[in-house]
Amino acid sequence: METFRNFRFIFLGTLIILILVGASYNAKAKKVPGYLITNEDDTLYGEIKISHFNILTGDFLFRSIYMDQLHFEVVFRENDTGKFSAFKAGEILGFGFDHRKQSYIFQSFILTSNTPLKREKYTSRFLQLCYLGEVALYRDVNRIANYDNTTETVPILTDETFVYYEYYLYNLKEGLNKVEPKEGISTITDLLYLYKLEKEFIEQLPGSYKFKDVKQILISYDIWLNQQRNRKIKA
């Protein structure tokens, strides 16, 4: 009987905490003008909820947005309607909004994992557009748990998490590819050849360029292409 009472107390305490966290999140959510693109390729205009409150750490983000949630779900209300609805990646093509003079654009993609578990092999995620040129660059945000390895026994999971970013190149012909080494792609130049960047441009790149320099390379490529086109026009 005493065990049941303790369990009931713990359950109620956990439920209250979850309710308070949810209420705190909603209280700190901000509504900004935005749009949503349906799977039928229709664009709906309305409001999107964003938050400056990190529900994982309990921190208030003064100058930035809590981005984690936006990579798997967006809360949207169409103009002239009264109800917000949540849309997960895969249920819509994408969404976007402006905040503090910056545009945020997300597109839904199906990511493939090397896991042997079939149910986890394919995951729908909203990837954030980082750069749009001849080849687009997208970003995903992930977190990994921090373990305390100082103990002599099994490592203990702590409350801390570390954020890391994964980048993807995309165009209609080659589709989506993660910016990382893999079979057949050992260097950044291999990846650039896959996306059919001009050989003349790739050959002039410094040998010190790595995968992490991909955005700088894409920007330089578009500048280089524009210069080549201008020369042809003047000639």
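Note that the structure is a prediction, hence the values are computed from the model and not measured.

Looking now at the overall build of the protein chain. The number of helices and strands found in the protein chain is five helices and ten strands. Here the protein chain holds 235 residues, and 35% of them are scored as buried. Sequence-distant contacts in the protein chain: of pairs separated by 6 or more residues, those separated by 24 or more amount to 46%. Of the roughly 15900 Å² of accessible surface on the protein chain, 55% is carried by carbon and sulfur atoms.

Strand direction decides the pairing type here: strand β1 (residues 29-37) and strand β2 (residues 43-51), joined by nine bridges, are antiparallel. Opposite alanine 29, over in β2, you have serine 51 as the bridge partner. Linking two consecutive strands that pair antiparallel, namely β1 and β2, is a turn of five residues; a positive phi of about 70° is found at aspartate 41 within it. Where β1 meets strand β5 (residues 94-99), four bridges bridge the pair, whose relative direction is antiparallel. What sits directly across from glycine 34, in β5, is phenylalanine 97.

Before going further, it helps to examine the pattern of salt bridges. On inspection of all chains with the given rule, the structure shows eight salt bridges. The salt bridge partner of glutamate 134 is arginine 229, with a shortest N-O separation of 3.4 Å. A residue pair is termed long-range when its members are at least 10 positions apart, and glutamate 134 in the loop between β7 (122-131) and β8 (136-148) and arginine 229 in helix α5 (residues 214-234) qualify at 95 residues. Taking the relative accessible area as the measure of exposure, glutamate 134 reaches 43% and is therefore partly exposed. Accessibility expressed as a relative area gives 44% for arginine 229, which makes it partly exposed.

The next point concerns the packing of aromatic side chains. Scanning the model with the defined rule gives ten aromatic pairs in all. Where phenylalanine 95 meets phenylalanine 106, the ring centres are 4.7 Å apart and the plane angle is 10°; that geometry is what we call stacked. Separated by eleven residues along the polypeptide, phenylalanine 95 in strand β5 and phenylalanine 106 in strand β6 (residues 102-112) bring together distant segments of the chain. Pairing phenylalanine 109 with tyrosine 170 gives two aromatic rings, centres 5.2 Å apart and planes at 65°, and the pair type is edge-to-face. With a gap of 61 residues between them, phenylalanine 109 in strand β6 and tyrosine 170 in strand β9 (residues 156-171) connect regions that are remote in the sequence. Among the aromatic side chains, those forming a connected cluster through ring pairs are Phe95, Phe106 and Phe126. The ring of phenylalanine 84 has lysine 49 lying over it, and the distance from NZ or CZ to the ring centre is 4.9 Å.

Of note, the phi angle at aspartate 80 is positive, near 70°, even though the residue is not glycine. Residue placement: aspartate 80 occurs in the loop between β3 (73-78) and β4 (85-88). In this structure, arginine 100 takes a positive phi of about 50° despite not being glycine. Of note, arginine 100 is situated in the loop between β5 and β6. Owing to a relative accessible area of 45%, arginine 100 belongs among the partly exposed residues under this scheme.

Taken as a whole, the protein chain shows an average pLDDT of 82; of its residues, 73% reach a score of 70 or greater. Mean pLDDT per element in the protein chain: helix α1 (residues 2-27) is the minimum at 43, and helix α3 (residues 188-194) is the maximum at 97. A low-confidence stretch, residues 153-158 stays under pLDDT 50, and its non-local contacts, those more than four residues away or across chains, total 13 contacts.

Reading guide: rules and limits
Residues numbered from 1 in each chain as written. Predicted model: local features only at pLDDT ≥ 70, side-chain atom pairs only at ≥ 80, totals over all residues. Heavy atoms only, no water. Helix = DSSP H or I, 4+ residues; strand = E, 2+ residues; numbered from the N terminus. Buried < 20%, exposed > 50% of the residue type's maximum accessible area, 1.4 Å probe, protein only. Contact = heavy atoms within 4.5 Å. Areas by Shrake-Rupley, 256 points an atom, 1.4 Å probe, with all protein chains shown as cover. Pairing = 2+ DSSP bridges. Salt bridge = Lys/Arg side-chain N within 4 Å of Asp/Glu carboxyl O. Phe/Tyr/Trp six-rings, centres within 6.5 Å; stacked < 30°, edge-to-face > 60°. Lys NZ or Arg CZ within 6 Å of the ring centre and 35° of its normal. pLDDT = per-residue confidence, 0-100.

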